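# Secondary and tertiary structure notes
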Amino acid sequence: MSVAPAPAPTDVTERVSAPESRPRRRGRWGTQIFLTAVSLGFLAPLLLAVYASLRPYDETAEEGYFSLPKSLSFDYYKQAFNDSEMTKYFVNTLIIAVPGVLIVLFLASFVAFAVSRLRMRGGIVLVMLFTAGNLLPQQVIITPLYALFNQIELPYWMSDSYLMYDSYWAVLAVQVGFQLGFCVFVLANFMRTLPQEIIEAAIVDGAGVWTQYWRITLPLCRPALAALGTLQFTWMYNDFLWALVFINTGDKLPITSALNNLSGQYFTDHNLLAAGSVIVAAPTIIVFLLLQRHFIAGLTLGSSKG
């Protein structure tokens, strides 16, 4: 008596998984469509600025900004770069942003290491104090800082005004002070996730505190430092308030103030202003592209284990 062969397990698996795979595929397509729409929504102002900067103002004034172009050129970029003297303002911004990022990351990593790896007493309270400083509205202390910086004297080689006011040091000090708390909070939480056995093994081998910090902990924090460095450079580069308050000499102002030179007293060519805005935004985009891999790795830290 023959017995009919049982159906292959693969057939059952295919029949069960086929209905389930369709909703998953639909969910993936829906997620991709949603993320694409959100990305285009964030990119729309930048794309519109690039499009407007390539068209003559007379054409957009007659046809509108959302019309098809009759001619495209890079003339506005050359005019915006020359008329606003952007080279000088770029240098002023780098003088503030580059040291500011390095100082913030060094001090924040040092404090985070002491709090999270050395098991110092009151470490949690110290992190809470650093974090609470970010909750203070920056505009509240403009007047006290203005009065304070006018009282702090500096030698001529540090400030030609002999004061901290009207010098790069004023803006740099404010940037470091306000950005330090956020970086300490992020780095302290990240360093707590590092295996304690690494530090214990280094101590057994005779490593001192500086070796534990500089040669062991910091290399492991490279993704977090890259992510924070990208954010800090973007924030310091785009700052306009503090330089406007604490710098009086026009030749010392950062790049964000260079756009004012493109605005006329009675008429403003918005296409020319759009070209200047694209030039100003280019360095932050370049920095993000260069550090994109480390930045994304820093954002996804702790999302998976193993």
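Quick note: structure is the one above.
Procedures and definitions
- Per chain, residues are indexed from 1 in the order of the written sequence.
- Selection of residues for local features in this predicted model requires a pLDDT of at least 70, selection of side-chain atom pairs for listing and counting requires 80 or more, and totals for whole chains, interfaces and linings are taken over all residues.
- Derived side-chain values reflect all non-hydrogen atoms in the structure, with water molecules and hydrogen atoms excluded from consideration.
- Only DSSP runs of H or I covering at least 4 residues are called helices, and only runs of E covering at least 2 are called strands; the numbering of each starts at the N terminus.
- Whether a residue is buried, partly exposed or exposed follows from its accessible area with a 1.4 Å probe, protein chains only, as a fraction of its type maximum: under 20%, in between, or over 50%, in that order.
- For this analysis, residues touch if any pair of their heavy atoms sits within 4.5 Å.
- We get accessible surface area from the Shrake-Rupley algorithm with a probe of 1.4 Å; when it comes to residues, only the shown protein chains can shield them.
- Between 30 and 60 degrees the pair is tilted, below 30 it is stacked and above 60 it is edge-to-face, where a pair is any two Phe, Tyr or Trp rings, Trp via its six-membered ring, whose centres lie within 6.5 Å.
- Nonpolar side chains (Val, Leu, Ile, Met, Phe, Trp, Tyr) are joined into patches within 5 Å and like charges within 9 Å, using only residues with over 30% relative accessible area and no salt bridge.
- A side-chain nitrogen of Lys or Arg and a carboxyl oxygen of Asp or Glu constitute a salt bridge if their distance falls within 4 Å.
- Axes here mean lines fitted to C-alpha atoms, for a helix over just the part in contact, with angles spanning 0 to 180 degrees between N-to-C directions.
- Roughly parallel means an angle under 35 degrees; roughly antiparallel, over 145; roughly perpendicular, 65 to 115; everything else is oblique.
- Two helices that cross are described as forming a left-handed crossing if the nearer one is turned anticlockwise from the farther one by less than a right angle, and a right-handed crossing if clockwise.
- As a working rule, the residues Ala, Val, Leu, Ile, Met, Phe, Trp, Tyr, Cys and Pro are called nonpolar, Asp, Glu, Lys and Arg charged, and the rest polar, with Gly in that last group.

### Remarks on the overall build of the protein
Helices and strands together make up the secondary structure of the protein, namely 13 helices and 0 strands. Listing every helix and strand of the protein by position from the N terminus yields α-α-α-α-α-α-α-α-α-α-α-α-α. Counting the 306 residues in the protein, one finds 35% classified as buried. Long-range contacts, defined as pairs at least 24 residues apart, comprise 70% of the intrachain contacts of the protein with a sequence gap of at least 6. As displayed, the protein offers around 19000 Å² of accessible surface, 66% of which is attributable to carbon and sulfur atoms.

### Section: the packing of aromatic side chains
Per the stated rule, a full pass over the model turns up 16 aromatic pairs. Taking 5.5 Å as the distance between ring centres and 10 degrees as the angle between the ring planes, the aromatic pair formed by tryptophan 210 and tryptophan 214 counts as stacked. Of this pair, tryptophan 210 and tryptophan 214 both sit in helix α9 (residues 209–220), 4 residues apart, which is roughly one turn of the helix. Overall, the relative accessible area of 44% leaves tryptophan 214 in the partly exposed class. Ring centres of tyrosine 213 and tryptophan 214 lie 6.3 Å apart, and the angle between their planes is 45 degrees; on these two criteria the pair is classed as tilted. Judged by its relative accessible area of 1%, tyrosine 213 falls in the buried class. A network of ring pairs unites the aromatic residues Phe106, Phe110, Phe113, Trp210, Tyr213 and Trp214 as a single cluster.

### Digging into a nonpolar patch on the surface
Among the surface-exposed residues, Leu43, Leu46, Leu47, Ile285, Phe288 and Leu289 lie close enough to one another that they form a single nonpolar patch of about 500 Å² accessible area. Mapped onto the nonpolar patch, the elements with two or more residues apiece are α1 (9–53) and α12 (270–290). Looking at the element boundaries, phenylalanine 288 is found in helix α12.

### Quick look at unusual backbone geometry
For glutamate 85, which is not glycine, the phi dihedral falls at a positive 55 degrees. Mapping glutamate 85 onto the fold places it in the loop between α3 (75–83) and α4 (86–116). Take glutamate 85: its relative accessible area is 43%, and that puts it in the partly exposed class.

### Re the packing of α4 against α9
For the pair α4 and α9, interaxial distance at closest approach is 11 Å and the crossing angle is 110 degrees. It follows that α4 is roughly perpendicular to α9 by the angle criterion. Taken as a pair, α4 and α9 cross one another with a handedness that is right-handed. Side by side, α4 and α9 meet where Phe106, Ser109, Phe110 and Phe113 of the first sit next to Val209, Trp210, Gln212, Tyr213, Thr217 and Leu218 of the second. Split into classes, the residues belonging to the contact of α4 with α9 amount to 7 nonpolar, 3 polar and no charged.

### Some thoughts on the environment of lysine 70
Inspection of the secondary structure puts lysine 70 in the loop between α2 (57–63) and α3. Sequence separation of lysine 70 and glutamate 59 is 11 residues, and the distance between their C-alpha atoms is 7.9 Å. With sequence-adjacent residues up to four places away left out, lysine 70 is seen in contact with Glu59 and Glu63.

### Section: the pattern of salt bridges
If you walk through the whole model with that rule in mind, you get 5 salt bridges. Of the charged contacts, one joins lysine 252 and aspartate 160 as a salt bridge, the two residues approaching to 2.6 Å between their closest N and O atoms. Here the residue lysine 252 occupies a position in the loop between α11 (241–246) and α12, and aspartate 160 occupies one in the loop between α6 (142–149) and α7 (168–192), the gap between them amounting to 92 residues. Under the relative-accessibility criterion, lysine 252 is labelled buried at 11%. Relative accessible area serves as the criterion here: at 45%, aspartate 160 is assigned to the partly exposed category. Through salt bridges with shared partners, a single network forms among Glu85, Lys88 and Asp251.

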